Amino acid sequence: MDHDISRRNFARIAGLGALSAALPAVAAGKPEEASAAAARARTFPRGFLWGTATASYQVEGAVNEDGRGPSIWDTFSHTPGKTVNGATGDVADDHYHRYKQDVQLMKALGVKAYRFSIAWPRVFPQGSGSPNPKGLDFYNRLVDELLANGIAPFATLYHWDLPQALQDNGGGWESRDTAEAFGRYAGYVAQHLSDRVKHFFTINEFGAFVELGYRIGIHAPGLQLPPGRFNQTRHHAVLGHGLAVQAIRANAKPGTKVGLAENMTICCPVIEDDANIRAAERATREMNAQYMTVIQEGRYTDAYLARTVADSPKFTPADLKVISSPLDFVGINIYTPTWIRADDSPLGFTPVPNPSSYPHMASSWLTIGPEALYWGPRNVAKLWKVKEIYITENGCSSSDVPAADGKVYDTDRIMYLRNYLTQLQRATTDAVPVKGYFCWSLMDNFEWADGYTNRFGLHYVDYATQTRTPKLSASFYRETIRRNAVA
Ligand code: GBH
């Protein structure tokens, strides 16, 4: 009887996964073995791919070197008033020159994979036309260095640094020409790197660069297009993705995998009961209709077209086919949850706004909800039968002020990561096919409109000296990777 009760309590504390392994130790009164078993319950599947991520304009610097053309982020960050303190990516982390040292930081963490992005204007300074071999060479060097250190390169083709020439001629993503140029660029890169790069992401976060750059205007190119032109821009962005998928398949070595890295709206049930869980699934389709849903389903949802009415995008059935070209995997960037409740409205769900007391990390938009790392991949797998999912970004900003001993004790970041990873581990125990996780970011870097004020790194960067120092969270992440379990 006593045993029964303690077993039940133990099961509640440790979670179901630990139950069978832990019980004999508990019954035999060996608490050490019992806690080891509980730790095993937070273990990730064998071969889980632990990684870290950055993006070209945020870390590289060297904006005028080796024939790189200007990007819309050079123009935007050099426009007064657009970034905090007028920050630019001119130098950033000087990663262009320090990549070897940065690969050693990754090696010390023990990551198995590195997600970086390729700067389109290094490879095609004018966006299309003649390639610049010196630009591609940087990525050849980086990829070789990664492989020499046992780290798998995962390359993103577009993380927002659009060649300025494409913005000047035709309005960037507002123009179908940009989508087509993106396809050509993607095919060229795949042709030259796919002997060593086995995973490509087409586009990073439609949900950020299109919305913030072309509708709200707080990211490059800083436009506020009217709805019709804006929805057409959305359409051209997903079309560019599809054209890139096809170009990669046509030009890459066999076995090359293609996907995307999207910051979907992550719909989480307010309470985990059937009605709310179903509502969060419906919400996932509708709230991502303009990007992930059309990519997965090859059609805009009726509700999206009804919502945009006269301002709906113009498209052909052939476009939809290109947009929904089959993918090998889906990458999701996950930071915050959107809480959903069931209701009796026509769509059967309502997003619940956060109360003013809702907690967030240093960036005020970064509201905390570890469950996003459970429901995000779970809903993607369930709705679209996706078999291979990566968390392509997750992480947070902290105040990150070095202590007297020079170290950064970012216990809040560790709290954030531990809770999110616990929910990701829960997803893997429910057989959600999450294959890997890329922590954002390897090091502090240029945080777009926020400049250098919000730090997301596992390594602290002193921008005056370009010194990198591992934060306490780097130790947490290293230990998590070493154990293949939440530390
Ligand atoms: C990702 O965006 C990016 O891929 C990455 O480059 C970035 O460094 C990282 O996250 C951390 O931000 O200014 O209040 O209007 C995450 C999605 C979209 C979140 C833009 C912040 C701006 C909110 N981001 N959003 S606000």
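Throughout, a residue's number is its position along its own chain's written sequence, starting from 1. The predicted nature of this model means local features are confined to residues of pLDDT at least 70 and side-chain atom pairs, given and counted, to a pLDDT of 80 or more, with totals for whole chains, interfaces and linings taken over all residues. Excluding hydrogens and water, the side-chain figures rest on all heavy atoms present in the structure.

Sorry if this is basic, but what is going on with empty space enclosed by the protein here?
Sizing a probe to match a water molecule and rolling it over the atoms shows the empty space that remains. Lining residues are defined by having an atom within 4 Å of a point belonging to a cavity or pocket. Those points lie on a 1 Å grid over the protein atoms alone, cavities being sets where a 1.4 Å probe fits but cannot get out and pockets being open sets with protein on both sides within 12 Å along at least five of seven lines. Grid points are joined across faces, edges and corners, and a volume is the space filled by probe spheres set on the points. Taken as a whole, this structure holds one cavity of 30 Å³ or more when the rule is applied. Within this model, the largest cavity holds a volume of roughly 30 Å³. The wall of the largest cavity is formed by Thr54, Ser56, Val59, Glu60, His95, Tyr114, Phe116, Ser117, Phe138, Tyr139 and Leu142. At the level of secondary structure, the elements contributing two or more residues to the lining of the largest cavity comprise helix 4 (56–59), strand 2 (113–117) and helix 8 (133–148). Nonpolar residues are Ala, Val, Leu, Ile, Met, Phe, Trp, Tyr, Cys and Pro. Charged residues are Asp, Glu, Lys and Arg, and all others, Gly as well, are polar. Counted by class, the lining of the largest cavity contains six nonpolar, four polar and one charged residues. Strands here mean DSSP runs of E at least two residues long; helices mean DSSP runs of H or I at least four residues long; both are numbered from the N terminus.

Sorry, what's going on with the pairing of strand 1 (residues 49–53) here?
Where a strand is regular, its side chains alternate between the two sheet faces. For strand 1, the buried fraction is high: five of the five residues fall into the buried class. A simple rule labels every residue: compare its accessible area, found with a 1.4 Å probe on the protein chains alone, to the largest value its type can have, and call it buried under 20%, exposed over 50%, or partly exposed in between. Burial along strand 1 is two-sided: the residues Leu49, Gly51 and Ala53 and Trp50 and Thr52 are all buried. Paired strands, as defined in this entry, are two strands with at least two bridges between them according to DSSP. As paired strands, strand 1 and strand 11 (residues 434–440) are joined by five bridges and run parallel to one another. Considered in strand 11, the bridge of Leu49 is made with Gly436.

Just to check I follow, could you spell out the sheet that holds strand 1 for this structure?
Neighbouring strands of a sheet are bound in pairs by backbone hydrogen bonds; such pairs are parallel or else antiparallel. As summarised here, the arrangement of the eight strands in space is 1-2-3-4-5-7-10-11, forming a closed barrel in which the pairing is parallel. Direction aside, the axes of adjacent strands within the sheet are offset by 25° on average. Direction of pairing for strand 4 (residues 199–204) relative to strand 5 (residues 257–262): parallel, over a ladder of four bridges. Looking across to strand 5, one finds that His199 is bridged to Lys257. Contact criterion: two residues are considered in contact whenever any of their non-hydrogen atoms come within 4.5 Å of each other. Each axis is a line fitted through C-alpha atoms, and for a helix only the stretch in contact is used; angles between axes span 0 to 180 degrees, taken between their N-to-C directions. Packing against the sheet, helix 14 (residues 289–297) makes contact with strand 5 and strand 7 (330–333), and its axis sits at approximately 155° to strand 5.

Please clarify how the layout of surface pockets should be interpreted in this entry.
In this structure, the largest pocket spans a volume of roughly 1000 Å³. Considering the residues around the largest pocket, the lining is formed by 38 residues, among which Glu205, Gly207, Ala208, Asn263 and Trp365 are closest to the centre. Where the lining of the largest pocket is concerned, the elements lending two or more residues are helix 11 (206–216) and helix 14. The dominant element in the lining of the largest pocket, judged by the number of residues it contributes, is helix 11, at six residues.

Can you help me understand the sheet that holds strand 8 (residues 338–342) in this one?
Pairing within the open sheet is mixed, and its three strands lie in the order 6-8-9. Strands with a single pairing partner mark the edges of an open sheet, and in this sheet they are strand 6 (267–269) and strand 9 (349–351). Each adjacent strand pair in this sheet contributes to an overall mean axis angle of 40°, direction not counted. Pairing of strand 8 with strand 9, which is carried by three bridges, proceeds in the antiparallel orientation. Each residue of the ladder has a partner; that of Ala342, found in strand 9, is Phe349.

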